[in-house]
Amino acid sequence: MESSPPGATITVQVKFAGRTIPVEVPAAAAAAELKRLLQPLTNVLPRGQRLICKGKVLADASSLSSMQVVDGSKVMLIASQGLHQGDGPITKNSSVPVPSARRASNVKGSQPQKLETNISKSQSERWKLTGIIALSDCNLKAVPEEVWDCGSSIRVLDVSNNCIEAIPQEITALKSLHKLILTANDITDGNISWEGLLCVQTLTVLSLSQNRLVTLPSSLGSLTYLRELRIANNRLENLPVETGLLKHLELLVASNNRITSLPSSIGDCESLIEVDLSSNLLAELPEAFVNLQYLKALHLRNNGLTSLPSNLFKKCWRLITLDLHGTGITNDILRQVEGWEEFDERRRKKHQKQLDFRVGSSGVFDEGADDDNRRA
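Analysis parameters
Residues numbered from 1 in each chain as written. Predicted model: local features only at pLDDT ≥ 70, side-chain atom pairs only at ≥ 80, totals over all residues. Heavy atoms only, no water. Helix = DSSP H or I, 4+ residues; strand = E, 2+ residues; numbered from the N terminus. Buried < 20%, exposed > 50% of the residue type's maximum accessible area, 1.4 Å probe, protein only. Areas by Shrake-Rupley, 256 points an atom, 1.4 Å probe, with all protein chains shown as cover. Arc of directions from axis to C-beta. Contact = heavy atoms within 4.5 Å. Core = buried A, V, L, I, M, F, W, Y, C linked by side-chain atoms within 4.5 Å. Pairing = 2+ DSSP bridges. Axes fitted to C-alpha atoms, helices over the stretch in contact; angles between N-to-C directions. Expected span 1.5 Å × (residues − 1). pLDDT = per-residue confidence, 0-100. Salt bridge = Lys/Arg side-chain N within 4 Å of Asp/Glu carboxyl O. Phe/Tyr/Trp six-rings, centres within 6.5 Å; stacked < 30°, edge-to-face > 60°.

To continue, consider the overall build of the protein. Scanning the protein from terminus to terminus reveals eight helices and 14 strands. Looking at the protein as a whole, 45% of its 376 residues qualify as buried. With the model as given, the accessible surface of the protein reaches about 18800 Å², and the carbon-plus-sulfur share is 50%.

Moving on, we come to helix H3 (residues 121–130). For H3, the full list of buried residues reads Gln123, Ser124 and Trp127. The buried residues of H3 all sit within an arc of 100° when viewed along its axis, so they share a single face. Counted as exposed and oriented over 90 degrees from the buried face of H3: Lys121 and Leu129. Packed against the buried residues of H3 are strand S6 (132–134) and helix H4 (145–149). Directly beyond the C-terminal end of H3, a positive phi value near 80° is found at Gly131.

Attention now goes to the nonpolar core. Across soluble globular proteins, nonpolar side chains have a tendency to be buried as a group. Ranked by size, the top nonpolar core spans 70 residues in total, and within it Phe289, Leu298, Leu308 and Phe313 carry the most contacts. Only H4, helix H5 (194–198), helix H6 (312–315) and helix H8 (340–357) provide two or more residues apiece to this core. The contact partners of Phe289, leaving out residues within four places of it in the chain, are Leu262, Ile266, Val275, Leu277, Leu295, Leu298, Pro309, Leu312 and Cys316. Of all hydrophobic cores here, the second largest spans 21 residues; its members include Val14, Phe16, Ile21 and Leu51.

The two faces of a sheet get side chains in turn, since along a regular strand they alternate between them. In terms of strand pairing, strand S1 (residues 9–16) meets strand S2 (residues 19–26) through eight bridges, oriented antiparallel. Note that in S2 the partner of Ile10 across the bridge is Val25. Hairpin remark: S1 followed by S2, antiparallel, with two residues in the connecting loop; positive phi at Ala17, about 50°.

The subject of this paragraph is the sheet that holds S2. Ordered in space as S2-S1-S5-S3-S4, the five strands form an open sheet in which the pairing is mixed. If you trace the sheet from one side to the other, it starts and ends with S2 and strand S4 (56–57), each paired once. As judged from the four bridges shared by strand S3 (residues 49–53) and strand S5 (residues 74–79), these two strands associate in the antiparallel manner. Its bridge partner being in S5, Gln49 is matched across the sheet by Ala79.

What follows deals with the environment of Pro89. If you trace the backbone, Pro89 turns up in the loop between S5 and helix H2 (101–106). Linking Pro89 and Gln39, residues 50 residues apart in sequence, is a C-alpha distance of 9.4 Å.

A few words on the sheet that holds strand S11 (residues 251–253). Taken in spatial order, the nine strands of this open sheet run S6-S7-S8-S9-S10-S11-S12-S13-S14, and their pairing is parallel. If you trace the sheet from one side to the other, it starts and ends with S6 and strand S14 (321–323), each paired once. On average, each strand axis in the sheet is inclined to that of its neighbour by 5°, with strand direction left out of account. Two elements, S6 and strand S7 (residues 156–158), share three bridges in a ladder whose sense is parallel. Each residue of the ladder has a partner; that of Ile133, found in S7, is Leu157.

All right, on to helix H1 (residues 31–42) then. For H1, with twelve residues, the first-to-last C-alpha span of 16 Å sits near the 16 Å given by 1.5 Å per residue. Listing the buried residues of H1 in full gives Ala31, Leu34, Lys35, Leu38, Gln39 and Thr42. One side of H1 holds all its buried residues, which, seen down the axis, span an arc of 155°. Buried residues in H1 make contact with S1, S2, S3 and S5. Two residues or fewer past H1, Asn43 is found with a positive phi of approximately 70°.

Here the focus is the confidence of the model for the protein. The pLDDT averaged across the protein works out to 88; a share of 89% of its residues lies at or above 70. Confidence drops under pLDDT 50 across residues 95–116; counting only partners more than four residues distant or on other chains, this segment forms 20 contacts.

If you walk through the whole model with that rule in mind, you get 15 salt bridges. Of the charged contacts in the structure, one is a salt bridge between Lys35 and Asp60, with a shortest N-O distance of 2.8 Å. Here Asp60 lies in the loop between S4 and S5 and Lys35 lies in helix H1, a separation of 25 residues in the sequence. Assessed through its relative accessible area of 8%, Lys35 is described here as buried. Exposure remark for Asp60: the relative accessible area of 34% places this residue in the partly exposed category. The salt bridge involving Arg348 is made with Asp344; its shortest N-O contact spans 2.9 Å.

Before going further, it helps to spend a moment on the packing of aromatic side chains. On inspection of all chains with the given rule, the structure shows one aromatic pair. Their ring planes at 5° and their centres at 4.5 Å tell us that Phe313 and Phe343 sit as a pair that is stacked. Separated by 30 residues along the polypeptide, Phe313 in helix H6 and Phe343 in helix H8 bring together distant segments of the chain. With relative accessibility at 2%, the residue Phe313 sits in the buried group.

Pasting the structure below:
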């Protein structure tokens, strides 16, 4: 076979999940390079890919030309279950919106549920007396006006699992609000009054998970009293730099989004105890992550990570829970990170304590990552 001229490229037709993906790759590249190029196109991690051409499995270290992969060659990709970034492999039908759990629960029987928009005076008085408004699963399309009329007497507002599309400026009336739970609604970027939220200086818990958010505004950083921020299951691609201004934030849940990178300012969230960034598109963590000295739990499952910040285990000396399953970081790689021995000792002590008190443990110790032998 004639050798290709330097710099020459070939286009390989990769068949995966009901579609054909044309991939341009250097003619002299190894199969490992083709896998790397396929990762953002399929969401399948390189170690979860098995490439087959003309009935033969392509070995990572072998050149494509040596395995007779040429321009126009057809290659089949078989993916290992669970070894993916984001919310799963990109298939032929991935662009079709998947109904949320909320929508499935709202469709019960053939008759639609009646909208609960009529609020009695006694109910409104009870809200003021208890300081709690619980209107989850009421099939609401908007927050009832009676909610705003309760004013500063309300500490908790839960309107989760509805069809609410907007949070208006009237939110400013709830000046003593501590918890705002908006989980599982239809809120989009332009339909939430962040200016109004900024007037609620007492807000410590904000849940916007399972909505239709694509971006978060820089004004998020002005919610300086926030202790919990839940923004999972949206379509966020990044977090604003101003997230670093949330000095009191203890819990950040941003799993199941499309986040590709984190601002280095995340290291300024000095109170963070638990961070969940599972099922995103992260290729790396900023080195500033090591500044989170109170961090105890870090969930990074199903991302494209291949390494951790070099001093993570040494600087984050309280860290005891780490989930790297379904990433490019295997247990063998994890054990090479400086400070791993001390981290491993901490988490094993925690596991033993759970066993002793029979609390929160199945009895099986989780190494925190996949073994090297878990491949396609």
